[in-house]
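# Coordinate analysis (summary)
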Amino acid sequence: MVMAQKLINDLKKAGITTTDPRLKESMAAFRRAKEENDGLMAYEEVKQGAGANLLLLARALTGKMIIPDFARFKTDVERIFDVVKQNTTGELCQSIPQLRKANPEHWGVSVCTVDGQRVSFGDADVQFCIQSAGKCLNYPLVLDEKGPDVVSGLFRAVMACRKCGMLRCDCSARMLTAHIEFGSVRAAC
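In what follows, the accompanying structure is described. Owing to the predicted nature of the structure, the values given are computational and were not obtained by experimental measurement.

### Brief notes about the packing of aromatic side chains
- Throughout the structure, instances matching the rule amount to three aromatic pairs.
- Judged by centre distance (5.7 Å) and plane angle (10 degrees), the rings of Phe 81 and Trp 107 are stacked. With a gap of 26 residues between them, Phe 81 in helix 5 (residues 70-85) and Trp 107 in the loop between helix 6 (97-100) and strand 3 (108-112) connect regions that are remote in the sequence.
- Among the aromatic side chains, those forming a connected cluster through ring pairs are Phe 81, Trp 107 and Phe 121.

In structure tokens:
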């Protein structure tokens, strides 16, 4: 027999939150079990409650996620969060209206691993505008989707276009829009 609450707590320790959308049905089954049978679940009930997420749950509960010691990772992220929070130097960007309106007191951090382990601190639920910061996210996405040869070609095409002042290039019979800003590449094919 397994205590449903212990199962949920162990998942949280592994970085799997109760709000993980992949586990919606599983968490509902575990919550029901907490209310019934004094919170005890037979192995077969756990397996049934896990459903299609059995492998994910097994990996989380046996320390086989991308970050096995998530408690330590969480402590490290919180320590970094607290240190960086003390830095209140700098000014809001005045050239972009969305950024000019931002509350400089807001500070939050969220981390989500490739396995879906998640941790957040501070004002992580406050919506904000990422503006140019999103460009560094586009590069690895394009690299993964299009491959290094295409991305390398985009970079060369962008450099050639910048020299002649063009923003659009016809490369290999495709229209490519790309530009370099702050050392990152944003590209769409």
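### Notes on the packing of helix 1 (residues 4-13) against helix 2 (residues 24-35)
- Running from N to C, helix 1 and helix 2 point in directions that differ by 140 degrees, and their axes come no closer than 8 Å. When the interaxial angle is binned, helix 1 and helix 2 end up oblique. Taken together, the residues of helix 2 that come into contact with helix 1 (itself represented by Ala 4, Gln 5, Leu 7, Ile 8 and Leu 11) are Met 27, Phe 30, Ala 33 and Lys 34.

### Comments concerning the pattern of salt bridges
- Enumeration according to the criterion identifies four salt bridges in this entry.
- For Asp 10, the salt bridge is made with Lys 6, and the minimal N-O distance between the two is 2.8 Å. Of this pair, Asp 10 and Lys 6 both sit in helix 1, four residues apart, roughly one helical turn.
- The class for Asp 10 is partly exposed, based on a relative accessible area of 24%.
- We note a salt bridge from Glu 145 to Lys 146, for which the minimum N-O separation is 3.7 Å.
- Relative accessible area serves as the criterion here: at 63%, Glu 145 is assigned to the exposed category.

### Considering the packing of helix 2 against helix 3 (residues 43-50)
- Helix 3 packs onto helix 2 with a crossing angle of 150 degrees between their chain directions and a minimal axis gap of 8 Å. Contacts between helix 2 and helix 3 involve Glu 25, Ser 26, Ala 29 and Phe 30 from the former and Val 46, Gly 49 and Ala 50 from the latter.
- Residues of the contact of helix 2 with helix 3, tallied by class, amount to four nonpolar, two polar and one charged.

Cut-off values and rules
Residues numbered from 1 in each chain as written. Predicted model: local features only at pLDDT ≥ 70, side-chain atom pairs only at ≥ 80, totals over all residues. Heavy atoms only, no water. Phe/Tyr/Trp six-rings, centres within 6.5 Å; stacked < 30°, edge-to-face > 60°. Helix = DSSP H or I, 4+ residues; strand = E, 2+ residues; numbered from the N terminus. Axes fitted to C-alpha atoms, helices over the stretch in contact; angles between N-to-C directions. Parallel < 35°, antiparallel > 145°, perpendicular 65-115°, else oblique. Contact = heavy atoms within 4.5 Å. Salt bridge = Lys/Arg side-chain N within 4 Å of Asp/Glu carboxyl O. Buried < 20%, exposed > 50% of the residue type's maximum accessible area, 1.4 Å probe, protein only. Nonpolar A, V, L, I, M, F, W, Y, C, P; charged D, E, K, R; others polar.

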